[in-house]
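# Coordinate inspection notes
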Amino acid sequence: AQSVTQLDSHVSVSEGTPVLLRCNYSSSYSPSLFWYVQHPNKGLQLLLKYTSAATLVKGINGFEAEFKKSETSFHLTKPSAHMSDAAEYFCVVSDRASGTYKYIFGTGTRLKVLA
Amino acid sequence: DTGVSQDPRHKITKRGQNVTFRCDPISEHNRLYWYRQTLGQGPEFLTYFQNEAQLEKSRLLSDRFSAERPKGSFSTLEIQRTEQGDSAMYLCASSEQGVSARETQYFGPGTRLLVL
C-alpha cells in the first residue's frame, strides 16, 4: 500500500527566511510524488511533481523538492518565504498499483508566514 | 478559463435532503476523480471515471452516494438522505489519458456542503 506522511501539521517562518515542509512516503513501486498548495477558498494547485526523472524537482513560485529514495523522503523547500506563501500544503502519491492513478494525500501542513 | 469547474460552490441543506453536485472537467481530459475533504484533513478518494465508465469506488462511498458521467464529459455526484457527517468539501479533478500526463490531476474549486 502506498502512503505519505507529512511530519508537521503547522510550520511558521518569518518572511524572507527558508521554508522546509517535510514529507515521507511509503510505496511498493517507484512512486510518483506531488506537492499541491491550497489557498483559502481556492482549489488545489500543483506546485511540482516527481515522476522518476531528475531527483531535484523545481516547481512554481520558487519551490523545489528533492526525492531521496534512501530516506523515502520528498521534502519541499523554498529559499525565501513570501507572505503570499501562507497556505495549506499537501504531499501526494499517485496510486500506480490500481491503474486509476488516484491520489493519496497527506494530512497537510499549514504554513504561516510572519511579517 | 478552461479549468475544472464545479457547481454549486456552496450548498446548505437540511438532514435527510438529497443534493447533487456537478463537475465539468477540462475538455480533453477523459479521466475524472471525486474526492472529499473534511476540515483539517487531506482529500480522500471517492470515485474514478475513465470516459463514462465508473471504474473504482472507495468504501467511503456508501449506498447513499451515486456518481455518473453519462457522456464522458461532465459528472454529477448525488448524495441521498444527507447526514451531518456528509458535511465536507467535495473536490473534482481531471487528467489526460496519455502516459506522461495521466498522473497529473487538475482540481476544481470544490463544492462546500453543510448539512444542518
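Let us look at the structure shown here.

Sheets are built from strands paired through backbone hydrogen bonds, the pairs being either parallel or antiparallel. All names here are of chain B. Pairing is antiparallel across the open sheet formed by four strands, whose spatial order is β1-β3-β8-β7. Each of the sheet's edge strands pairs with one partner strand only, and the pair in question is β1 (5-7) and β7 (65-68). Adjacent strand axes in the sheet meet at a mean angle of 15°, parallel and antiparallel pairs treated alike. With five bridges connecting them, strand β3 (residues 19-24) and strand β8 (residues 75-79) associate as antiparallel partners. Note on β8: the bridge partner recorded for C23 is S75.

Inspection of every chain in the model, using the stated rule, returns two disulfides over all chains. In this model C23 of chain A forms its disulfide with C91 of chain A; the gap between the sulfur atoms is 2.0 Å. Linking C23 of chain A and C91 of chain A, the disulfide has an S-S dihedral of approximately -65° and is accordingly described as left-handed. In this pair, C23 of chain A is assigned in strand β4 (residues 23-26) and C91 of chain A in strand β10 (residues 87-94), connecting sequence segments 68 residues apart. The burial state of C23 of chain A is the same as that of C91 of chain A; both residues are buried. Each sulfur in the disulfide pair C23 of chain B and C92 of chain B lies 1.8 Å from the other. Judged by the torsion about the S-S bond (-65°), the C23 of chain B/C92 of chain B disulfide is left-handed. Here C23 of chain B is found in strand β3, whereas its partner C92 of chain B is found in strand β9 (residues 88-95), with 69 residues between them in sequence.

Right, let's talk about the packing of aromatic side chains for a bit. Across all of its chains, the model carries 18 aromatic pairs over all chains by this definition. With a centroid separation of 6.2 Å and an interplanar angle of 35°, the aromatic rings of Y103 of chain A and F107 of chain B are classed as tilted. With Y103 of chain A in strand β11 (residues 103-105) and F107 of chain B in strand β10 (residues 106-107), the pair connects residues from two separate chains. No difference in accessibility class separates Y103 of chain A from F107 of chain B, as the two residues are buried. Ring-pair connections join several aromatic residues into one group, and the members of that group are F34, Y36, F90, Y103 and F105 of chain A together with Y33, Y35, F45, Y48 and F107 of chain B. The lysine or arginine in question, K102 of chain A, covers the ring of F45 of chain B, its NZ or CZ lying 5.4 Å from the ring centre. Its guanidinium or amino end placed over the ring of F74 of chain B, R22 of chain B lies 3.9 Å from that ring's centre, counting from NZ or CZ.

Turning to the environment of L116 of chain B, a few remarks are in order. Residues and elements named next belong to chain B. Mapped onto the elements, L116 comes out in the segment after β11 (111-115). Its relative accessible area of 52% is what places L116 among the exposed residues. Taking the C-alpha atoms as reference points, L116 and P70, 46 residues apart in sequence, are found 30 Å from one another. Ignoring any residue separated from it by four or fewer positions in sequence, one finds L116 in contact with I12, T13, K14, R15 and Q84.

Definitions and limits used
Residues numbered from 1 in each chain as written. Chains lettered and ligands numbered in written order. Predicted model: local features only at pLDDT ≥ 70, side-chain atom pairs only at ≥ 80, totals over all residues. Heavy atoms only, no water. Pairing = 2+ DSSP bridges. Helix = DSSP H or I, 4+ residues; strand = E, 2+ residues; numbered from the N terminus. Axes fitted to C-alpha atoms, helices over the stretch in contact; angles between N-to-C directions. Disulfide = S-S within 2.5 Å. Buried < 20%, exposed > 50% of the residue type's maximum accessible area, 1.4 Å probe, protein only. Phe/Tyr/Trp six-rings, centres within 6.5 Å; stacked < 30°, edge-to-face > 60°. Lys NZ or Arg CZ within 6 Å of the ring centre and 35° of its normal. Contact = heavy atoms within 4.5 Å.

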